[in-house]
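Listed below, chain by chain, are the residues.
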Amino acid sequence: MGGNKMSTIKHMAFAVKSVDETLKRYQSLLGVGLDAKVVVAEKARIKVAIFNVGDIEYQLNESLDADGRFSQWIAERGTEGLHHICYAVPDIDAALESAQAEGGTLKECSSCKVIGSHPHPEGYVAFLEQETGGIELELMQVYTPEELEQYKSIRGI
């Protein structure tokens, strides 16, 4: 991506049939996810368990609807698995410009129905149509503390 390198992996999102069952397996087999936060995101129509493995945030995502984004992904592939990797970038506009210069195309955010960079709970995000090894690509410019406060105040959080 030219001069706008990835700074880190923000999170890895897994499509699962059952957050509760999968989280229990992570906890019992690997001893990780013991401090997981499980939330239901009504807007996105998902249930998600969030926890860290080392410095990487894991998200176990279960669709609340049979035709939801993660349910469809599992049905198309016949298995649960790594759905997307979110890469943190220092400047999302520069990252998208660089990706598009290399032939990348923007994909609609299935939660927000927006194409291109837009505000999300943790930062400005965008998705690329291209996949790497069957894995969706998400880019995020993580909010500064001031931007996070502004996002929360606008949303009444």
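Refer to the preceding data block for the structure.
Described in the following lines is the structure provided in the data block. (Residues numbered from 1 in each chain as written. Predicted model: local features only at pLDDT ≥ 70, side-chain atom pairs only at ≥ 80, totals over all residues. Heavy atoms only, no water.)

### Digging into the overall build of the protein
Here is step 1: Scanning the protein from terminus to terminus reveals four helices and nine strands.
Here is step 2: Sequence-ordered secondary structure for the protein, helices as α and strands as β, is β-α-β-β-β-α-β-α-β-β-β-β-α.
Here is step 3: Against the 2.2 N^0.38 benchmark of 15 Å for 157 residues, the protein shows a C-alpha radius of gyration of 16 Å, consistent with a compact globule.
Here is step 4: Seen along its three principal axes, the alpha-carbon backbone of the protein occupies a region of about 40 × 35 × 30 Å. (Helix = DSSP H or I, 4+ residues; strand = E, 2+ residues; numbered from the N terminus. Rg over C-alpha atoms; globule rule 2.2 N^0.38 Å.)

### Points about the state of the cysteines
Here is step 1: Enumeration according to the criterion identifies zero disulfides in this entry.
Here is step 2: Counting only cysteine sulfurs, C112 is the nearest neighbor of C109, a cysteine outside any disulfide, at a range of 4.0 Å.
Here is step 3: A relative accessible area of 22% places C112 in the partly exposed class. (Disulfide = S-S within 2.5 Å. Buried < 20%, exposed > 50% of the residue type's maximum accessible area, 1.4 Å probe, protein only.)

### Some remarks on the side chain of H120
Here is step 1: Structurally, the position occupied by H120 is in the loop between strand 7 (118-119) and strand 8 (123-132).
Here is step 2: In this view, H120 contacts C109, C112, V125, Y143 and Y151; residues no more than four positions away in its chain are not counted. (Contact = heavy atoms within 4.5 Å.)

### Considerations on the layout of surface pockets
Here is step 1: Roughly 1000 Å³ of internal volume is contained in the largest pocket.
Here is step 2: What lines the largest pocket is a set of 37 residues, among which A41, I50, H120, P121 and E122 lie closest to the centre.
Here is step 3: Here the element with the most residues in the lining of the largest pocket is helix 4 (residues 145-155); it accounts for five residues.
Here is step 4: The residue makeup of the lining of the largest pocket, split by class, is 21 nonpolar, seven polar and nine charged.
Here is step 5: R69, Q72, H83, K107 and E136 are the residues nearest the centre of the second largest pocket, which is lined by 14 residues in total. (1 Å grid on protein atoms, 1.4 Å probe; cavity = no way out; pocket = protein on both sides within 12 Å on 5 of 7 lines; lining within 4 Å. Points joined across faces, edges and corners; volume = space filled by probe spheres on them. Nonpolar A, V, L, I, M, F, W, Y, C, P; charged D, E, K, R; others polar.)

### A short note on helix 2 (residues 69-77)
Here is step 1: Taken residue by residue, helix 2 has F70, W73 and I74 as its buried positions. One side of helix 2 holds all its buried residues, which, seen down the axis, span an arc of 95°. Facing away from the buried side of helix 2 by over 90 degrees, the exposed positions are A75 and E76.
Here is step 2: Of the surrounding secondary structure, the elements contacted by the buried residues of helix 2 are strand 1 (8-15), strand 3 (46-53), strand 4 (56-63) and strand 5 (81-88).
Here is step 3: Following helix 2 by one or two positions, G78 adopts a phi angle in the positive range, close to 80°. (Arc of directions from axis to C-beta.)

### Re the nonpolar core
Here is step 1: Residues M12, F14, V16, V19, L23, Y26, A49, F51, Y58, L60, I85 and I135 constitute the largest nonpolar core, which totals twelve residues.
Here is step 2: The set of elements that each furnish at least two residues to this core consists of strand 1, helix 1 (19-30), strand 3 and strand 4.
Here is step 3: In terms of residue count, helix 1 provides more of this core than any other element does, three residues in total.
Here is step 4: Ignoring anything within four residues of it in the chain, the contact list for Y58 reads M12, F14, Y26, A49, I50, F51 and V53. (Core = buried A, V, L, I, M, F, W, Y, C linked by side-chain atoms within 4.5 Å.)

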